[in-house]
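# Survey of secondary and tertiary structure
Read off the chains here:
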Amino acid sequence: MSLLFNQRKSPGANSANPGHRLVMYFIRHLQQALASIGELWRMPISSLLTMAVLGVSLALPTTLHLLMKNGQQLRSGWDSAAEITLFMEEGVSESQTQKVLRRIGLYEQVNKVTYVGADDALEEFKTLSGFGDALSYLDKNPLPSVILVIPTTQYSSPEGARELLEKLQQQPEIAFGKLDVTWLEKLSAIVNLLDDAALALGILLLLAVALVIANTIRLSILNRREEIEVLKLVGATNNFIRRPFLYTGIWYGLIGGLIAWVCVSLILWWVEGTLLDLASQLGSELTLSGLSFSEFLILIALSSGLGWLGAYGSVMRHVYEIEPENQL
Amino acid sequence: MIRFEEVTKIYPGGQQALNRVNFHLQPGEMAFLTGHSGAGKSTLLKLIAMMERPTSGQVFINGHNLNKITKKQVPFARRDIGMIFQNHRLLMDRSVFNNVALPLIIEGYHLSDIKRRVAAALDKVGLLAKINNMPNTLSGGELQRVGIARAIVNKPPLLLADEPTGNLDPHLSMEILKVFEDLNSVGVAVMIATHDLGLIARMKYHTFTLRQGQMIHDGLSSSDLRESEFEPVI
């Protein structure tokens, strides 16, 4: 495109066929993307160090995300296991107890009823707590008899279970009832707090990633000031000059994301061993879920996007600022 | 080709570099711009290259008022002007080929075109054999000629040179001037800023002389130059 001399043709960029021009546009972008990899390769140590910093910064929020995700899965298992504990009034006779048990068992909301008598409870407490001998000094069993009620799945949500609890507490033989969902609610409130904290921490770390990239790109722009001035003198547009820097930012982010993924995979592999050990001791099955493929893609897209964003910030500030001046 | 109308340039800080300068460089003309350092030569060239804007007055290139060229259009306008610098301003970490190819890469030429045109430009300055050299293996005169090859590789109708022979001995200077004369003979307008009066004394070229920001001489070189308080260099 010649501005000052209409008769002049610049055949390079303006070949007549728009399809061909589009193809050339992508080819040139590809060339510049590859060229900026070459640029990184020229200083492998410092590039790798920067990428490692990014990788570690990204690994932390990713790990937090996995913690939150696994915690969520664990809690979704607990949520449906709402259990209502009913404490009997003192001095309720054996036959009355049996009646109550039968009555509760007939409720359509109730799945299962278990009776733990005061003596059984004391026995259980002795074995589990390890206070066995000390407890034998008590002249009277301090523990009440307890009825454990497990609601049907339909009533195991916190609201449904609470409704059922209200009903059960009306029974004259019942002193009071306790819904195990209340501690679950407290737990989930705490977990929500942790989730929020993790989210805030994650956002801070992502911000750090963008800033690290912005600073790296800033330094590389200032290092190549001379080159930028020359490019401007021979007629390069700002868009042309900034493109390789933007690509460099994207590469930083992308490779940083990959490093983060490797870190997280290593952490998972490391923790899984100890977790299996723990699970076998608890006699339950615990599995860790790692990053799914779509989460992996999100991680890579996010890190590349942050790379672009950081680079863009630097480019807008510095490439536009540099003007050829001292000479000519 | 280039026309200045009452051009004044005052830098921020109050330094007056050009004072109501008028001149006209004809299409296809080769001319020298002379004057002491600080007389305003560089400022004049900067105004043509749109590295500075005039405080008042107008600069025209090929009839286009440069005041009407927006910041976004400046790069495109610069592609019509080949610029040559005293310190050549080559990129030392790239080969001669890549340096000369720069303006073509920017304009998005095909690689085959780039190879052909770079070879032609280097041939014109007599450096085709050094196409794959790195700049630090070349002499000062060769570097300057690579700079000229870069300036002419996309065949601009106008060449600006700022002290192109500033660092060279007289023999090399004449070689460089010869290159400019060859280019001029195929219709390229050339404007050369220099304080090397010995160089231009022997030639009959249009000469513009600046003193303290004012155009004090505008005519064929150079018999009356000595009166205008110049001591020829060399």
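As the structure is a computational prediction, the values presented were derived from the model and not from experiment. (Residues numbered from 1 in each chain as written. Chains lettered and ligands numbered in written order. Predicted model: local features only at pLDDT ≥ 70, side-chain atom pairs only at ≥ 80, totals over all residues. Heavy atoms only, no water.)

### A closer look at the overall build of chain A
The line we're drawing: Helix numbering and strand numbering both begin at the N terminus, where a helix is a DSSP run of H or I of at least 4 residues and a strand a DSSP run of E of at least 2. Summary of the burial criterion: residues with accessible area below 20% of their type's maximum are buried, those above 50% are exposed, and those between are partly exposed, where the area comes from a 1.4 Å probe applied to protein chains only. Contacts are assigned to residue pairs that have any heavy atoms within 4.5 Å of one another. Note on areas: Shrake-Rupley with a 1.4 Å probe; residue coverage comes only from the protein chains shown.
Along its length, chain A carries 10 helices and 4 strands. Order of helices (α) and strands (β) in chain A, N terminus to C terminus: α-α-β-α-β-α-α-β-α-β-α-α-α-α. Within chain A, the proportion of its 328 residues that are buried is 38%. Considering only contacts in chain A between residues 6 or more positions apart, those separated by 24 or more positions represent 80%. In the form shown here, chain A has an accessible surface area of approximately 19,200 Å², with 64% of it arising from carbon and sulfur atoms.

### Here's the deal with a nonpolar patch on the surface
All names here are of chain A. Rules: Candidates for patches are residues over 30% relative accessible area with no salt bridge; among them, like charges are joined within 9 Å and nonpolar side chains (Val, Leu, Ile, Met, Phe, Trp, Tyr) within 5 Å. A pairing counts as a salt bridge when a side-chain nitrogen of Lys or Arg comes within 4 Å of a carboxyl oxygen of Asp or Glu.
A cluster of nonpolar side chains, contributed by W261, V262, L266, I267, W269, W270 and V271, occupies part of the molecular surface with about 770 Å² of accessible area. In this fold, W269 is placed in helix α9 (residues 238-282). We classify W269 as exposed; its relative accessible area is 63%.

### A word on the domain arrangement of chain B
All names here are of chain B. Quick note on the threshold: Where each domain begins and ends follows an automated or database-derived domain assignment. By buried area we mean how much accessible surface two parts lose on assembly, using a 1.4 Å probe and totalling the loss over both. Polar contact is defined as a pair of N or O atoms within 3.5 Å, subject to the rule that within protein one atom must be able to donate a hydrogen and the other to accept it, and that residues adjacent in sequence are counted only when both atoms are side-chain atoms. Classes in brief: Ala, Val, Leu, Ile, Met, Phe, Trp, Tyr, Cys and Pro nonpolar; Asp, Glu, Lys and Arg charged; the others, Gly included, polar.
Looking at chain B, the domain boundaries give domain 1 (1-80 + 157-234) and domain 2 (91-156). Put simply, the middle of domain 1 and the middle of domain 2, counted by C-alpha atoms, are 24 Å apart. On the side of domain 2, 14 residues touch domain 1, which itself brings 14 residues to the contact. With both chains or domains summed, domain 1 and domain 2 bury close to 1,100 Å², and 71% of this area falls on carbon and sulfur atoms. Remark: the boundary between domain 1 and domain 2 carries 0 salt bridges. Taken together, domain 1 and domain 2 are joined by 3 residue pairs in polar contact (both at pLDDT 80 or more). For the side of domain 1 that touches domain 2, the elements supplying multiple residues, two or more each, are β7 (158-162) and α6 (170-185). The element that contributes the greatest number of residues to the side of domain 1 that touches domain 2 is α6, accounting for 6 residues. Counted by class, the side of domain 1 that touches domain 2 contains 11 nonpolar, no polar and 3 charged residues.

### Focus: a negative patch on the surface
To keep it simple, the criterion reads: Under the counting rule used here, the positive set is Lys and Arg, the negative set is Asp and Glu, and His together with the chain ends is not counted. In this description, the location of a charge corresponds to atom NZ of lysine, CZ of arginine, CG of aspartate or CD of glutamate.
A surface patch of negative charge is lined by A:D119, A:D120, A:E123 and A:E124. Within the fold, A:E124 resides in helix α4 (residues 118-129).

### Observations regarding the nonpolar core
All names here are of chain B. To keep things clear, this is the line we draw: To define a nonpolar core, start from buried Ala, Val, Leu, Ile, Met, Phe, Trp, Tyr and Cys residues and group those joined through side-chain atoms within 4.5 Å.
Grouped together as the largest cluster of nonpolar side chains are 41 residues, with contacts concentrated most on V100, V118, L122, I148, L159 and F180. Within the residue set of this core, elements represented by two or more residues are β3 (30-34), α3 (96-107), α4 (111-124), α5 (140-152), β7, α6, β8 (189-193) and α7 (197-201). Of all the elements, α5 adds the most residues to this core, at 6 residues. The residues that make up this core include at least three from each of domain 1 (1-80 + 157-234) and domain 2 (91-156). Excluding residues that lie within four positions of it along the chain, V100 makes contacts with V118, A121, L122, V146, A149, R150 and V153.

### A look at the side chain of A:T216
Residue and element names in this part refer to chain A. Note on placement: T216 falls in helix α7 (residues 181-223). Here T216 falls in the buried class, since its relative accessible area comes to 18%. Beyond its immediate chain neighbours, meaning those up to four positions away, T216 contacts T50 and Y252.

### Focus on the confidence of the model for chain B
All names here are of chain B. Cut-off, in case you're wondering: A score from 0 to 100, pLDDT tells how confident the predictor is in each residue.
With 94% of its residues at a pLDDT of at least 70, chain B reaches an overall mean of 86. For the stretch residues 223-234, pLDDT sits under 50, and the model shows 20 contacts to residues farther than four places along the chain or on other chains. Two numbers describe this predicted complex: its pTM, 0.75, and its ipTM, 0.87.

### Here we look at the layout of surface pockets
Rule in force here: Detection works on a 1 Å grid of protein atoms alone, calling trapped sets that fit a 1.4 Å probe cavities and calling open sets with protein on both sides within 12 Å along at least five of seven lines pockets, with lining residues defined by an atom within 4 Å of a point. Grid points are joined across faces, edges and corners, and a volume is the space filled by probe spheres set on the points.
One number sums up the size of the second largest pocket: a volume of about 780 Å³. Forming the walls of the second largest pocket are 29 residues, and the residues nearest its centre are A:Q32, A:A35, A:F240, B:R94 and B:I105. For the lining of the second largest pocket, the secondary-structure elements that each account for two or more residues are α1 (18-42), α8 (225-233) and α9 of chain A together with α3 and α4 of chain B. The dominant element in the lining of the second largest pocket, judged by the number of residues it contributes, is α1(A), at 9 residues. Broken down by class, the residue content of the lining of the second largest pocket amounts to 15 nonpolar, 8 polar and 6 charged.

### Regarding unusual backbone geometry
All names here are of chain B. Phi is positive for E6, which is not a glycine, with a value near 50°. As for its position among the elements, E6 is in strand β1 (residues 2-10). Residue classification places E6 among the partly exposed positions, given a relative accessible area of 34%. Positive phi is not limited to glycine here, since M50 has a value of about 60°.

### Observations concerning the interface of chain B and chain A
Contact with chain B, which involves 42 residues of that partner, is made by 35 residues of chain A. Taken over both partners, the interface formed by chain B and chain A buries close to 3,600 Å², and the fraction arising from carbon and sulfur atoms is 60%. Looking only at chain B, the three residues that lose the most surface to chain A are B:D80, B:R89 and B:I106, adding up to 19% of its buried area. Between chain B and chain A we count 4 salt bridges in total. Here B:R94 and A:E227 are joined by a salt bridge, their closest N and O atoms 2.3 Å apart. At the boundary of chain B with chain A, the tally comes to 4 residue pairs in polar contact (both at pLDDT 80 or more). Elements supplying a minimum of two residues to the side of chain B that touches chain A: α1 (41-48), α2 (74-78), β6 (81-84) and α3 of chain B. A per-element tally of the side of chain B that touches chain A places α3(B) first, with 5 residues. Within the side of chain B that touches chain A, the residues separate by chemical class into 21 nonpolar, 9 polar and 12 charged.

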